[in-house]
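# Coordinate analysis (summary)
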Amino acid sequence: MIWIKTDIGRAEISMRSLVRERARRTLLLLIDGHRSQELLLNSIAGITAADFGLLAQLGLISRVDAANMAVAGDTHREMDVVIDKRSTPDYAQLTARLTHLISSELGLSGFRLTLAVEKAADAAALLPVADRVIADIAQRQGTAAAAKARQLIFSD
């Protein structure tokens, strides 16, 4: 079974209000729509299948169907996107777009995200940073602003 973070789950990474236990926070961070539940269970000490259920019950994660095409469950939101379905700009475009969004929409509070952009070695490493930027924008300005940011980041 494969899981993906919802918008609420991405926002929780920054807010840290619903999940305080270290192992569960690590699990939430590592859920990416690619790694299986079994792989995550084997790689994070102190995690059980019940932890996935708890995160799903809180609306932080949703199950990805077997075809890896759509998110299943009640927590589906219009902004949930399986990473494979995104059209990903090249590294330079993605870096420029993220840097612009962080400075214009998040200001100094986005300093850590700017460092994460600079640290990323390729476009694939920038995708989780993009998710965090979008989640922070959603938290501060709402889902409409986050949808606009997502479109700006991933437009062709």
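Presented here is a report on the structure given in the accompanying data block. (Residues numbered from 1 in each chain as written. Predicted model: local features only at pLDDT ≥ 70, side-chain atom pairs only at ≥ 80, totals over all residues. Heavy atoms only, no water.)

### Quick look at the overall build of the chain
To keep things clear, this is the line we draw: Helix and strand assignments come from DSSP, with helices taken as H or I runs of at least 4 residues and strands as E runs of at least 2, each series counted from the N terminus. Exposure classes here rest on a 1.4 Å probe applied to the protein chains alone. A residue is buried below 20% of its type maximum, exposed above 50%, and partly exposed in between. We call two residues in contact when some of their heavy atoms are within 4.5 Å. Per-residue and other accessible areas were derived by the Shrake-Rupley procedure at a 1.4 Å probe size, with only the shown protein chains allowed to occlude residues.
Along the backbone of the chain there are eight helices and three strands. Taken from the N to the C terminus, the helices and strands of the chain come in the order β-α-α-α-α-β-β-α-α-α-α. Considering the chain as a whole, with its 156 residues, one finds that 40% of them fall into the buried category. Considering only contacts within the chain whose residues lie at least 6 apart along the sequence, 64% involve residues at least 24 apart. Total accessible area computed for the chain in this model is approximately 8400 Å², and 55% of it derives from carbon and sulfur atoms.

### Considering the nonpolar core
Test applied: To form a nonpolar core, buried Ala, Val, Leu, Ile, Met, Phe, Trp, Tyr and Cys residues must be joined to one another through side-chain atoms within 4.5 Å.
With 21 residues, the main nonpolar core has Leu-94, Leu-98, Val-133, Ile-137 and Ile-153 as its most contacted residues. Counting residues per element, the ones that place at least two in this core are α5 (91–106), α6 (111–119), α7 (123–141) and α8 (143–154). In terms of residues, this core owes the most to one element, α7, which gives eight residues. One finds Leu-27, Leu-40, Ile-44 and Leu-55 within the second-largest nonpolar core, a separate group that totals 13 residues.

### Brief notes about helix α1 (residues 7–15)
Three or four residues apart is the spacing at which side chains of an α-helix point the same way, because the helix has 3.6 residues per turn. Taken as a whole, α1 has its buried residues at Asp-7, Gly-9, Arg-10, Ala-11, Glu-12 and Ile-13. Of the surrounding secondary structure, the elements contacted by the buried residues of α1 are β1 (2–5), α2 (22–30), α7 and α8. After α1 finishes, the residue Arg-16 shows a positive phi value of roughly 55°.

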